[in-house]
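# Notes for the structure review
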Amino acid sequence: MVAQKSAKQLFSVTLRVWRQAGPDASGQFVDYPATGVNPDMSFLELLDVVNDGLTVQGGEPIAFAHDCREGICGTCSCTINGKPHGPGHGIATCQLYMRSFADGDVIVVEPFRARAFPIQKDLVTDRSAFDRIQQAGGFISVRTGAAPDANSILVPKADADLAMDAAACIGCGACAAACKNASAMLFVAAKVSHLGLMPQGQPERNQRVLAMVQTMDEAGFGNCTNQYECSAVCPKNISHDFIARLNRDFFTATLRSAFKPTSAASGGGAG
Ligand code: FES
């Protein structure tokens, strides 16, 4: 006789959520009891259920950002029990499941806290500062022509693997939210390294790192003081070693721009 699977053990939690009507409004924590929680629900599904209840009662649903719900887009950013993306490791909020919590838990949910990420509403922050950094140099504009045969530009395996690791960054902002300095250097390091490790990224390598770091500073992010909170909460496990690579690239680019020959001295040729 085949044994029946036991029914899922449903449980109850209390969500203690930061509610803030708008960017200039004052906020406060509000408790929302949730019963009948299935351990296989995702955290965002629980927020959906709570919001359904609020809507039926004529209340204002909790504003939270989400898009892909599979750890790709980086929009579901919020802080859960004091940790960006919650108690899991190497996952975004949308990949967090209720089985990570116990019956009776009070779960504190807040927006990401960083001056450069102003709160829009409830759990939604404006993280367009990351977009501005990306727009400052996180691209390749050199003409690469028609797609060449993959074997015509050889890339060492180690470089390809490292570039791939850096390219995994989804720009969620957890690194800055976790850092006591609200530093965005892990994000910038990932973007700079991803392109800087590829042959196609070399022509603009120096101007890229200078422009991205300048934009990062202008946005109000702090500097890295080697706390490594950033890589500890990164949903893509991006290593803080990339920050050392960023610093080396920035140092080299700064020197090269300081000693760049003038067009007269260089005979008008390209620098
Ligand atoms: S909703 Fe896209 S990463 Fe979470």
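This text goes with the structure placed above it.
First, a word on scope: everything that follows refers to the structure included in this document. (Residues numbered from 1 in each chain as written. Predicted model: local features only at pLDDT ≥ 70, side-chain atom pairs only at ≥ 80, totals over all residues.)

### Some remarks on unusual backbone geometry
The line we're drawing: Secondary structure elements are defined from DSSP: runs of H or I of at least 4 residues count as helices, runs of E of at least 2 residues count as strands, and each element is numbered from the N terminus.
Of note in this structure, Arg-69 is not a glycine but carries a positive phi near 55 degrees. In this structure, Arg-69 sits in the loop between helix H1 (43-56) and strand E3 (79-80). Of note, Asn-237 is a non-glycine position whose phi angle comes to about 55 degrees, a positive value. Relative to the helices and strands, Asn-237 is located in the loop between helix H7 (229-233) and helix H8 (241-258).

### A closer look at the pairing of strand E1 (residues 11-19)
Applied cut-off: Two strands pair under a simple rule: DSSP has to find at least two bridges between them.
Alignment of E1 against strand E2 (residues 28-37), held across eight bridges, turns out to be antiparallel. Of the residues in E2, the one forming a bridge with Phe-11 is Val-37. Of the pairings in the sheet, the one linking E1 to strand E5 (residues 106-110) comprises four bridges and is parallel in character. Opposite Leu-15, over in E5, you have Ile-107 as the bridge partner.

### A closer look at the packing of helix H6 (residues 205-219) against H8
The condition that has to hold: Every axis corresponds to a line fitted to the C-alpha atoms, with the helix fit spanning only the stretch in contact, and the corresponding angles, defined between N-to-C directions, vary from 0 to 180 degrees. Any angle that falls under 35 degrees is termed roughly parallel, while one over 145 is termed roughly antiparallel, one within 65 to 115 roughly perpendicular, and all others oblique. Contact between two residues is assigned when their C-beta atoms, built from the backbone, lie within 7 Å.
Axis separation between H6 and H8 bottoms out at 9 Å; the angle between their running directions is 110 degrees. Our classification of the angle between H6 and H8 gives roughly perpendicular. In this structure, H6 uses Arg-205, Asn-206, Val-209, Leu-210 and Val-213 to contact H8, whose residues at the interface are Leu-246, Asp-249, Phe-250, Ala-253, Arg-256 and Ser-257.

These results come straight from atomic positions and should not be treated as a statement about function.
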